[in-house]
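Observations on chain architecture
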Amino acid sequence: RGLLFIDVFYLPESLRGQGVGSTLLRRMEAEGRQRGCYNGILDTNSFQAPEFYKRNGWQLFGAIDCEPPGTQRMFFTKRLLPEN
């Protein structure tokens, strides 16, 4: 359907802050482009990695309260191919 959906993306603490996560994310985006995906979507929790995705060009398009109390499930999108 033209969408890259990133379902599970976890990086151990020991590998964070070294550019590994950004490199892997760019590779996932490139694979999506190669397969003809024009948009990407993913979700994360407010206590996990929303700032990481924002730094990598992903845009928040929605959030919903969830468990544990005071947290949100956050939904992001990124345009992968230029508009026609």
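Concerning the overall build of the protein chain
Along the protein chain, the regular secondary structure elements total 2 helices and 4 strands. Counting from the amino terminus, the protein chain carries its helices and strands in the arrangement β-α-β-α-β-β. Each principal axis of the C-alpha atoms in the protein chain carries an extent, and together these give about 40 × 30 × 20 Å. Looking at the protein chain as a whole, 31% of its 84 residues qualify as buried.

What about the side chain of D43?
Relative to the elements of secondary structure, D43 occurs in strand β2 (residues 39-45). For D43, the side chain forms a polar contact with the side chain of R73, separated by 2.6 Å. Ignoring anything within four residues of it in the chain, the contact list for D43 reads F5, I6, R73, M74 and F75.

Considering the pairing of strand β4 (residues 71-79)
Of the strand pairs in this sheet, β2 and β4 are connected by 7 bridges, and their pairing is antiparallel. Each residue of the ladder has a partner; that of D43, found in β4, is F75. Inspection of the sheet shows strand β3 (residues 59-66) paired to β4 by 7 bridges, in the antiparallel sense. Its bridge partner lying in β4, I64 is registered against R73. Between β3 and the antiparallel strand that follows it, β4, lie 4 residues; G70 among them carries a positive phi value of about 90°.

A few points about unusual backbone geometry
Of note, the amide linkage connecting E67 to P68 takes the cis form, showing an omega dihedral of -5°. Mapped onto the fold, P68 is located in the loop between β3 and β4.

So, the environment of F9
One can find F9 in the loop between β1 (3-6) and α1 (20-34). The class for F9 is partly exposed, based on a relative accessible area of 22%. Separated by 40 residues in sequence, F9 and A49 place their C-alpha atoms 10.0 Å apart. Beyond its immediate sequence surroundings of up to four residues, F9 is in contact with G21, L24, L25, M28, F52 and Y53.

Side note on the packing of aromatic side chains
Taken as a whole, this structure holds 4 aromatic pairs when the rule is applied. Judged by centre distance (6.1 Å) and plane angle (55°), the ring pair of F9 and F52 falls under tilted. Of this pair, F9 sits in the loop between β1 and α1 while F52 is found in helix α2 (residues 50-55), placing the two residues 43 residues apart along the sequence. An aromatic cluster is present here, built from F9, F52, Y53 and F76 joined pairwise through their rings.

Conventions and cut-offs
- Residues numbered from 1 in each chain as written.
- Predicted model: local features only at pLDDT ≥ 70, side-chain atom pairs only at ≥ 80, totals over all residues.
- Heavy atoms only, no water.
- Helix = DSSP H or I, 4+ residues; strand = E, 2+ residues; numbered from the N terminus.
- Buried < 20%, exposed > 50% of the residue type's maximum accessible area, 1.4 Å probe, protein only.
- Polar contact = N/O pair within 3.5 Å; in protein donor to acceptor, adjacent residues only side chain to side chain.
- Contact = heavy atoms within 4.5 Å.
- Pairing = 2+ DSSP bridges.
- Phe/Tyr/Trp six-rings, centres within 6.5 Å; stacked < 30°, edge-to-face > 60°.

Fair warning: the whole summary comes from geometry, so function is off the table for now.
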